[in-house]
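Descriptive structure summary
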Amino acid sequence: MRVLVAYASALGSTREIAQHVADRMAVALGEVECRSVEEVKSVSGYDAFVVGSAIHNQAWLDPALVFFTHNAHELAKRPVWVFSVGMSDALPRLFRKRGAALQQQRLEQSQFQDVELRGHKVFSGVYEAAQMPGPLRVLFRLTGGHFGDLRDWTSIDDWTDDITAQLTGSSEGAGVQGLPPDPPTGA
Ligand SMILES: Cc1cc2nc3c(=O)[nH]c(=O)nc-3n(C[C@H](O)[C@H](O)[C@H](O)COP(=O)(O)O)c2cc1C
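Reading the values: the criteria
Residues numbered from 1 in each chain as written. Predicted model: local features only at pLDDT ≥ 70, side-chain atom pairs only at ≥ 80, totals over all residues. Heavy atoms only, no water. Phe/Tyr/Trp six-rings, centres within 6.5 Å; stacked < 30°, edge-to-face > 60°. Core = buried A, V, L, I, M, F, W, Y, C linked by side-chain atoms within 4.5 Å. Buried < 20%, exposed > 50% of the residue type's maximum accessible area, 1.4 Å probe, protein only. Helix = DSSP H or I, 4+ residues; strand = E, 2+ residues; numbered from the N terminus. Contact = heavy atoms within 4.5 Å. Near = heavy atom within 4 Å. Polar contact = N/O pair within 3.5 Å; in protein donor to acceptor, adjacent residues only side chain to side chain. Areas by Shrake-Rupley, 256 points an atom, 1.4 Å probe, with all protein chains shown as cover. Nonpolar A, V, L, I, M, F, W, Y, C, P; charged D, E, K, R; others polar. Patch = residues over 30% accessible without salt bridge, like charges linked within 9 Å, V, L, I, M, F, W, Y side chains within 5 Å. Salt bridge = Lys/Arg side-chain N within 4 Å of Asp/Glu carboxyl O. Lys, Arg positive; Asp, Glu negative; His and termini not counted. Charge placed at Lys NZ, Arg CZ, Asp CG, Glu CD.

Our next topic: the packing of aromatic side chains. For any pair of aromatic rings, geometry is given as the distance between the ring centres together with the angle between the planes. Within the structure shown, the criterion is met by nine aromatic pairs. Following the ring pairs from residue to residue traces out a cluster consisting of Trp60, Phe68 and Phe112.

Below, the structure written as structure tokens:
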């Protein structure tokens, strides 16, 4: 099975998550390629896709949106999972869950309509103080916000393993779930 993990990242934390997901999936699935969305020339020949982007201003980065829109027709024929990387775990504890849920809802309502997703997960990435405008930093810290590497690798691993299980569990004999089996080769 050939899987593409495609990502868009501004400062690197989404790229590292994508690479980690691809490496982990490759142990069970074999051929898993990890590429930035800008590197991908064609999406044909893949059996499944995982696409991720950093979130800026409540939306995916432009290259990820262009990739998704441009390839929606092909992606829609295969199982697709997406992940979005933001900073909800930097928020004061009280707002973290709600922040992530709102973010997820907003992205799903505005971005992925053309492809029926198998799943969408919002992770936190790396959010350093320098990424927030100076005057807001003090207020953010005073109200319980914090900065740093917020990635929850256990949660990332769990999500990855769930995808792997879906792909391996359904690939025996009948092709990837939702797709017809590959036609027999030869006469
Ligand atoms: C200009 C800018 C805008 C951002 N906007 C959002 C946002 O709307 N929602 C969010 O959850 N995180 C936001 N973030 C935080 C980033 O998504 C987070 O730092 C993420 O880890 C960045 O991924 P990257 O390292 O792959 O670029 C923003 C960061 C920057 C620099």
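We now examine the nonpolar core. Counting residues in hydrophobic clusters, the biggest one holds 24 residues, and the most contacted among them are Phe49, Trp60, Phe67 and Phe68. Listing elements by their share of this core, those giving two or more residues are strand E1 (2-8), strand E3 (48-56), helix H2 (62-70), helix H3 (72-75) and strand E5 (80-86). With four residues, the single largest contributor to this core is E3. Those residues in contact with Phe67, other than ones at most four positions away along the chain, are Leu4, Ala6, Val37, Val40, Val43, Val51 and Leu75. With 21 residues, the next largest nonpolar core counts Val3, Ala18, Trp159 and Leu167 among its residues.

Another point: the site of the ligand. Taken together, 19 residues are adjacent to the ligand, and Ser9, Leu11, Ser13, Ile55 and Gln103 come closest. Between an oxygen atom of the ligand and a side-chain N or O atom of Ser13, the distance comes to 2.6 Å. With respect to the ligand, the backbone of Ile55 contributes an N or O atom lying 2.7 Å from an oxygen atom. With the chains in place, 86% of the 640 Å² that the ligand exposes on its own is no longer accessible. Every element with two or more residues in the shell around the ligand is listed here: helix H1 (13-29), E3, E5 and strand E7 (126-127). Here the shell around the ligand takes three residues from E3, the largest share from any one element. When its residues are assigned to classes, the shell around the ligand shows eight nonpolar, eleven polar and no charged.

This brings us to a negative patch on the surface. Negative charge collects at one region of the surface, where Asp89, Asp152, Asp158 and Asp162 lie side by side. Relative to the helices and strands, Asp89 is located in the loop between E5 and helix H4 (93-111).

Turning our eyes to something else, we now look at the pattern of salt bridges. Counted according to the given criterion, the structure contains eight salt bridges. The closest approach of N and O atoms between Arg24 and Asp157, which form a salt bridge, is 3.4 Å. Residue Arg24 is located in helix H1, and its partner Asp157 is located in helix H6 (residues 153-171); the two are separated by 133 residues in the primary sequence. Classification of Arg24 by relative accessible area gives partly exposed; the value is 33%. Given a relative accessible area of 16%, Asp157 falls into the buried group. Among the ionic pairs, Lys77 bridges to Glu74, the shortest N-O distance being 2.9 Å. By relative accessible area, Glu74 is classed as partly exposed at 31%. Within this structure, Arg2, Glu31, Glu33 and Arg35 form a network of salt bridges that share partners.

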